[in-house]
Structures are given as structure tokens and as C-alpha cells.
Amino acid sequence: MGVGAVAVLLLAVLTVLRALRNYSRLCAIPGPSVAGWSDFWRICVRNKSHYGRRLSSLHRIYGTVVRLGPRFLSVADGTIIGHLDHGVDGGVRAQLVFE
């Protein structure tokens, strides 16, 4: 096996491990299953019209807190944001979006 093949195999393994890590970080939060693996779904939905309506329908289906990506949540009830302030890895990184 050549050096190039080993490099490609290593890259593939690291990509799979990263996807599994991303998925497991917020796997307890409900949401579209594809949203747990990649931000691609969130970016595609965000760039379409009627994003606010889409978020509302997701909240009707999944509840107050919806997973939009491996590191993104949508919270419909502002009173519970204080309970989420510790973050998954102990760090706080929030972006408030009002629509």
C-alpha cells in the first residue's frame, strides 16, 4: 500500500470519527436525523425562503428544543436558555437569532 493510499485511508477514518463525535455531542436533543451529522442540512434550510416557518414546524414536531446541526440548537422558549448556558464541552458559545 502506497503512502497516498494510507493518507486517504487515514483521512477517511478521521472524517468518520469526527462525524461520530459531532453526532454524539447532542444526540439526546431531538431533531432531523441528518442535522446531527453535518451542518450542510442547516445551511441548506437557512438559505431557503420561509426559514421561520420551517423552524416553527420543527418545533411543533420535535418540541421546545430542536437540534439543527452538530453544534446548533433552536430554542423556542427563552426561559430555558439559562439552563443551557454551560454548553456541551463546558464552554459557552451562543448566537441569538430572532425571527
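Details of the structure are given in the entry above.
For clarity, every value in this text was computed on a predicted model and none was experimentally measured.

Parameters at a glance
- Residues numbered from 1 in each chain as written.
- Predicted model: local features only at pLDDT ≥ 70, side-chain atom pairs only at ≥ 80, totals over all residues.
- Heavy atoms only, no water.
- Helix = DSSP H or I, 4+ residues; strand = E, 2+ residues; numbered from the N terminus.
- Buried < 20%, exposed > 50% of the residue type's maximum accessible area, 1.4 Å probe, protein only.
- Contact = heavy atoms within 4.5 Å.
- Areas by Shrake-Rupley, 256 points an atom, 1.4 Å probe, with all protein chains shown as cover.
- Core = buried A, V, L, I, M, F, W, Y, C linked by side-chain atoms within 4.5 Å.
- Salt bridge = Lys/Arg side-chain N within 4 Å of Asp/Glu carboxyl O.
- Polar contact = N/O pair within 3.5 Å; in protein donor to acceptor, adjacent residues only side chain to side chain.
- Pairing = 2+ DSSP bridges.

Novice: In this structure, what is going on with the overall build of the protein chain? I would like to understand it.
Specialist: Of the regular secondary structure elements, the protein chain holds 3 helices and 2 strands. In the protein chain, the succession of helices and strands from N to C terminus is α-α-α-β-β. Taking all 99 residues of the protein chain together, the buried fraction comes to 22%. In the protein chain, the share of contacts with a sequence separation of at least 24, taken over all contacts with a separation of at least 6, comes to 54%. Total accessible area on the protein chain is roughly 7300 Å²; 62% of this is exposed by carbon and sulfur atoms.

Novice: Can you walk me through the nonpolar core in this structure?
Specialist: What tends to happen in soluble globular proteins is that the nonpolar side chains get buried as a cluster. Ranked by size, the top nonpolar core spans 8 residues in total: A35, W41, V45, Y51, L55, L58, V66 and L68. Going through the elements one at a time, α2 (40-46), α3 (51-62) and β1 (65-69) are the ones with two or more residues in this core. With 3 residues, the top contributor of residues to this core is α3.

Novice: Would you explain the pattern of salt bridges in this entry?
Specialist: Side chains that differ in sign of charge can pair as their charged atoms come close. One pass over the structure, following the stated rule, counts 1 salt bridge. Notably, a salt bridge pairs R42 with D39, separated by 3.6 Å at the nearest N-O pair. Comparing R42 with D39 shows no difference in burial state: the two are buried.

Novice: Explain the side chain of S74 here, please?
Specialist: For S74, the position within the fold is in strand β2 (residues 72-75). Of note is the side chain of S74, whose polar atom sits 2.7 Å from the side chain of H59. Residue contacts for S74: discarding those within four places in its chain leaves L55, H59, T64, V65, V66 and L68.

Novice: How should I be thinking about unusual backbone geometry in this particular structure?
Specialist: Glycine aside, residues mostly have negative phi angles, and peptide bonds mostly take the trans form. Despite not being glycine, H50 shows a phi value in the positive range, around 65 degrees. Its location among the elements puts H50 in the loop between α2 and α3.

Novice: Hey, could you run me through the pairing of β2 in this one?
Specialist: Side chains on a regular strand alternate between the two faces of the sheet. By the bridge criterion, 4 bridges tie β1 to β2 in an arrangement that is antiparallel. Pairing of R67 across the sheet is with L73, part of β2. Taken together, β1 and the strand that follows it, β2, pair antiparallel across an intervening segment of 2 residues.

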